[in-house]
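# Coordinates in review
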Amino acid sequence: MASMNELFYRDAYVQAFSAKVLSVTASKKGFEVVLDDTAFYPEGGGQPADLGTLGGVKVTDVRRTDAGIVHYCEAPLEVGQVVEGVLDWERRFDNMQNHTGEHIFSGLVNQAFGFDNVGFHMDDDVITCDFNGVMTDEDVAEMERRSNEAIVANLEVEVLFPTQAELDAMDYRSKKALTGKVRIVNVPGCDRCACCGVHVKRTGEIGCLKVLSRMKHRGGTRIAFVCGLRALRDYDARVRETRTVSNLLSAKPLEISATVERLQNDLVAKEAKVVELVKTIFALKVQAIAVTNEPLVLVEDGLTPFELRNFCTMLAEAKKSPLIVVLSQTATGVYSYVLACSDDTLRTWSTTLNKALNGRGGGAKGFVQGSFKADVDAIHRAIHELWASC
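A brief report on the enclosed structure follows.

What counts, and where the lines are drawn
Residues numbered from 1 in each chain as written. Predicted model: local features only at pLDDT ≥ 70, side-chain atom pairs only at ≥ 80, totals over all residues. Heavy atoms only, no water. Pairing = 2+ DSSP bridges. Helix = DSSP H or I, 4+ residues; strand = E, 2+ residues; numbered from the N terminus. Axes fitted to C-alpha atoms, helices over the stretch in contact; angles between N-to-C directions. Contact = heavy atoms within 4.5 Å. Core = buried A, V, L, I, M, F, W, Y, C linked by side-chain atoms within 4.5 Å. Buried < 20%, exposed > 50% of the residue type's maximum accessible area, 1.4 Å probe, protein only. Phe/Tyr/Trp six-rings, centres within 6.5 Å; stacked < 30°, edge-to-face > 60°. Lys NZ or Arg CZ within 6 Å of the ring centre and 35° of its normal. Salt bridge = Lys/Arg side-chain N within 4 Å of Asp/Glu carboxyl O. Left-handed = near helix turned anticlockwise from the far one by under 90°. Expected span 1.5 Å × (residues − 1).

### Looking at the sheet that holds strand 7 (residues 117-122)
Taken together, the four strands give an open sheet; going across it, the order is 7-8-13-12, and neighbouring strands pair in antiparallel fashion. Looking along the sheet, the strands with just one partner apiece sit at the ends: strand 7 and strand 12 (209-217). Taken pair by pair, the neighbouring strands of this sheet meet at an average axis angle of 20°, ignoring direction. Across five bridges, the pairing between strand 8 (residues 127-131) and strand 13 (residues 220-227) is antiparallel. Bridge pairing links Cys129 to Ile223 in strand 13. Helix-sheet contacts for helix 3 (residues 137-152) involve strand 12 and strand 13, and the interaxial angle to strand 12 is about 150°.

### Some points on the nonpolar core
Counting residues in each nonpolar core, the largest one holds 55 residues, and the members touching the most others are Phe17, Leu54 and Phe105. If you tally residues by element for this core, the top one is helix 2 (residues 89-113), at seven residues. Not counting residues within four places of it along the chain, the set of residues in contact with Phe17 comprises Leu7, Leu35, Asp37, Thr38, Ala39, Phe40, Leu54, Val83, Glu84, Gly85 and Leu87.

### Quick notes on the packing of aromatic side chains
Using the criterion set out here, one finds 11 aromatic pairs in the structure. Here the aromatic rings of Phe105 and Phe131 are separated by 6.1 Å at their centres, their planes lie at 50°, and the arrangement is tilted. Of the two residues, Phe105 is situated in helix 2 and Phe131 in strand 8; the sequence distance between them amounts to 26 residues. Three or more aromatic residues joined by ring pairs make a cluster, and in this case those are Phe8, Tyr9 and Tyr41. The ring of Tyr72 carries the charged tip of Lys29 above its face, separated from the ring centre by 4.2 Å. The cationic tip of Lys201 hangs over the ring face of Tyr13; the distance from NZ or CZ to the ring centre is 4.9 Å.

### Here's the deal with the pattern of salt bridges
Oppositely charged side chains may form a pair once their charged atoms are brought near each other. Here the structure, examined in full by the defined rule, presents 20 salt bridges. For Arg91, the salt bridge goes to Asp124, with nearest N and O atoms at 3.5 Å. Here the residue Arg91 occupies a position in helix 2, and Asp124 occupies one in the loop between strand 7 and strand 8, the gap between them amounting to 33 residues. By relative accessible area, which is 60% here, Asp124 ends up exposed. Linked by salt bridges that have partners in common, Lys29, Glu43, Asp61 and Arg63 make up one network.

### Re unusual backbone geometry
The phi dihedral of Asn154 falls on the positive side, at around 55°, and the residue is not glycine. For Asn154, the position within the fold is in the loop between helix 3 and strand 9 (158-160). A positive phi angle is found at Ser250, which is not glycine, with a value near 55°. Note that Ser250 resides in the loop between helix 5 (228-249) and helix 6 (256-288). What makes Ser250 exposed here is its relative accessible area of 70%.

### Digging into the packing of helix 6 against helix 7 (residues 305-317)
Helix packing geometry: the angle between the two helix axes and the distance between the axes. Contact pair helix 6 / helix 7: the axes reach a minimum separation of 10 Å and the direction vectors enclose 35°. As helix 6 packs across helix 7, the resulting crossing turns out to be right-handed. Contact with helix 6, carried on its side by Val278, Lys279, Phe282, Ala283, Lys285 and Val286, involves Glu307, Asn310, Phe311, Met314 and Leu315 of helix 7 and no other residues of that element.

### Considerations on the environment of Arg218
One can find Arg218 in the loop between strand 12 and strand 13. Sequence spacing of Arg218 and Phe131 is 87 residues, and the spatial spacing of their C-alpha atoms is 9.4 Å.

### A closer look at helix 2
For helix 2, with 25 residues, the first-to-last C-alpha span of 36 Å sits near the 36 Å given by 1.5 Å per residue. Of all 25 residues that make up helix 2, 19 are buried, and the element is covered over most of its length. After helix 2 finishes, the residue Gly114 shows a positive phi value of roughly 80°.

### Here's the deal with the pairing of strand 10 (residues 184-187)
Strand residues, when the strand is regular, have side chains that alternate between the two faces of the sheet. Burial along strand 10 is two-sided: the residues Ile184 and Asn186 and Val185 and Val187 are all buried. Direction of pairing for strand 9 relative to strand 10: antiparallel, over a ladder of three bridges. Residue Val159 lies in a different strand from strand 10, and its bridge partner there is Val185. Alignment of strand 10 against strand 11 (residues 191-194), held across four bridges, turns out to be antiparallel. When the sheet's bridge partners are listed, Asn186 is paired in strand 11 with Arg192. The hairpin formed by strand 10 and strand 11 contains three residues between the paired strands, and Gly189 there has a positive phi angle of roughly 80°.

### Notes on the sheet that holds strand 14 (residues 296-299)
Pairing is mixed in the open sheet, where five strands are placed in the order 14-15-16-18-17. Two strands bound the open sheet, and with one partner strand each, they are strand 14 and strand 17 (360-364). Sheet twist, expressed as the mean angle between neighbouring strand axes with direction ignored, is 20°. Where helix 7 meets the sheet, its contacts fall on strand 14, strand 15 (324-331), strand 16 (334-340) and strand 18 (367-373), and the angle it forms with strand 15 comes to roughly 165°. This element, helix 9 (residues 376-389), spans strand 14, strand 15, strand 16 and strand 18 of the sheet and lies at about 165° to strand 14.

Printed below as a string of structure tokens:
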């Protein structure tokens, strides 16, 4: 049970401390170490556990259990000894910045729209919040603006332990009904929420909050954002990526979208020309092929399924053969195909050839489209054997 008086609660800014080892137990996750006090925050309230070292031994996880706060260590410590604990402070402060930023954003969303934060997850690189209502891009941008105004205002982040009577009269956010000792984190004008996490003392320490994405999720809205140094790292990565794309496109960074749009339009125009050229080539090929009463099997390199269909259609319209099969290799021993024949024999041809050639596909109105897993000689044999049997 949380005492709400552990060292990480008494002073969230402690980076190193000394504590006595009360117990050490070997487990599948390493060695479970319990101390008489700790600055290591155990995973909870959506906030990840702290990492660091105890007596020079690496701490890989921290959890609250019935036995107390357990530090999972890579090596055993001696019961009764006093050890120095050292936190991975960059990780801890990053979590404090982002968790406090989440309070501000979620509280402002609740004030503006009445939506609750029904899902909160802190990854190493992004914060994800799920709200049980729909927000537009404009709504989210406004919440981001208000959040950053609160950050710039450098408001004090208050931690309260109200009496039951005070709690009953208090308006606060909570995901579940609470009993016993309740810890309230209050950001004046922004949020008042029951929370067991650790936070910065003043909102100015958050630095900034930047929304990365908005998407619909289970009838509500999922928001991804970053705060503080994490936001700076994200910005640096985006600047590097923008610079790289800018150089590849020979475009100024703020003109990338316009350049891409122009290139897309050019590509569409070129693709249209290619389609017309391919159509012309197909027409010339069709003209050069003699009419036959035998199966016509053609292998063409590099055709897309759409081009296969067009070529086969042109051959069928020109009545070059009662049975036309156009093939194009897509991988070693794999051929895409389009088959054209009369409607009354279409199903027989499709079923029999697919079975004989490890094929798949189907169709109607005189055409079957699919793929065979066989070599060209086997395809030719199967087609001519079936033709001879009809």
